[in-house]
Each structure stands twice: as structure tokens, then as C-alpha cells.
Amino acid sequence: MKLDSVPLEISGISQTEIELDLEDSNDLNLTPAIALSVQPVIADSPQKQQSALVVFGTTFITIFLAEIGDKTQLSTLLMSAQSHSPWVVFIGSAAALITTSLLGVLLGSWIASRLSPKTVEKSAGMMLLVISLMLFWDVFTSH
């Protein structure tokens, strides 16, 4: 059974009734009428909620691990020590990270609506490769 269609028992028509109607009928237009009676399920399913939870968890862990020891965290640490106002620094840095994340999500949504996921994936890989090569070049030429 496909996940995006209502089971025949729920729609009020049993599989046996459909098979009998098809055997008794010589009308070829009966099949589309039956196919139209099966409506897609629009209600939220547990799989969609689980998938959103998985996406949230993966995103949180990835960003959390990427930010540990990052220059943003070190800058926040220094600003907090210097200002003696850790909560103000926390609110400012949190607002900045939320804003940059919002920009990333909006830009990502815009790009995803215009390009295929495979193209976006390949482009992101190429950009990361170019950035890595530039960083290596900088390290090797600075000595």
C-alpha cells in the first residue's frame, strides 16, 4: 500500500467489491472512476513528525559541533570577559546567530525552489572544495 493514498477499506469500498465490479463490467471507463475515489491523505502522519525531529536533531548537532571552538565562540568569550555583562553578550550573539541562520534558510529555500537538490549538493561540495584549496594555499604560501 502506498503511504500517500487512503486504504480501500477506509474509503468505503472493499477490494473484493472493486474486483467484482470490474469482472461484471465491460465498460473501460469504470477504472478511472474508481481511481478518482481514492483521495490522498493530507493529515499529518507520525513519519512526517519523526522526520522533522530527525532534521532538527541533525541540524542542531551539526551546527553545535561546527561552532565549538569557532572564531564566533572565541569572540563571544572575549567580549563577555571584557564587558563583564555576559547576558548582554549572550543575547547579542544569539540574535546575530539567529539572524545569520535565518538568512541561510531563506537563501537555501530560494535556491531549492529554482535548482534541483542534486545541483545544490554538487555546488555546495564544489564551494567547500574551493574554500579548502584556498585555505591550504594560504597556509603553504605564508611560510
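Residues numbered from 1 in each chain as written. Predicted model: local features only at pLDDT ≥ 70, side-chain atom pairs only at ≥ 80, totals over all residues. Heavy atoms only, no water.

1. Topic: a nonpolar patch on the surface
(1) Moving on: A contiguous nonpolar patch, built from L53, F56, F60, I61, F64, L65 and I68 and spanning about 790 Å² of accessible area, is present on the exposed surface.
(2) Moving on: By secondary structure assignment, the location of F56 is in helix α3 (residues 46–67).
(3) Moving on: Among the residues examined, F56 registers a relative accessible area of 57% and is labelled exposed. (Patch = residues over 30% accessible without salt bridge, like charges linked within 9 Å, V, L, I, M, F, W, Y side chains within 5 Å. Areas by Shrake-Rupley, 256 points an atom, 1.4 Å probe, with all protein chains shown as cover. Salt bridge = Lys/Arg side-chain N within 4 Å of Asp/Glu carboxyl O. Helix = DSSP H or I, 4+ residues; strand = E, 2+ residues; numbered from the N terminus. Buried < 20%, exposed > 50% of the residue type's maximum accessible area, 1.4 Å probe, protein only.)

2. Side note on the packing of helix α4 (residues 71–83) against helix α5 (residues 86–114)
(1) Moving on: Axis separation between α4 and α5 bottoms out at 8 Å; the angle between their running directions is 155°. Accordingly, the angle class assigned to the pair α4 and α5 is roughly antiparallel. Here α4 and α5 pass one another in a crossing that is right-handed. Counting all contacts with α4, which are made through T72, T76, M79, S80 and S83, the residues of α5 involved are P86, V89, S93 and L97.
(2) Moving on: In the contact of α4 with α5, the residues fall into four nonpolar, five polar and no charged. (Axes fitted to C-alpha atoms, helices over the stretch in contact; angles between N-to-C directions. Parallel < 35°, antiparallel > 145°, perpendicular 65-115°, else oblique. Left-handed = near helix turned anticlockwise from the far one by under 90°. Contact = heavy atoms within 4.5 Å. Nonpolar A, V, L, I, M, F, W, Y, C, P; charged D, E, K, R; others polar.)

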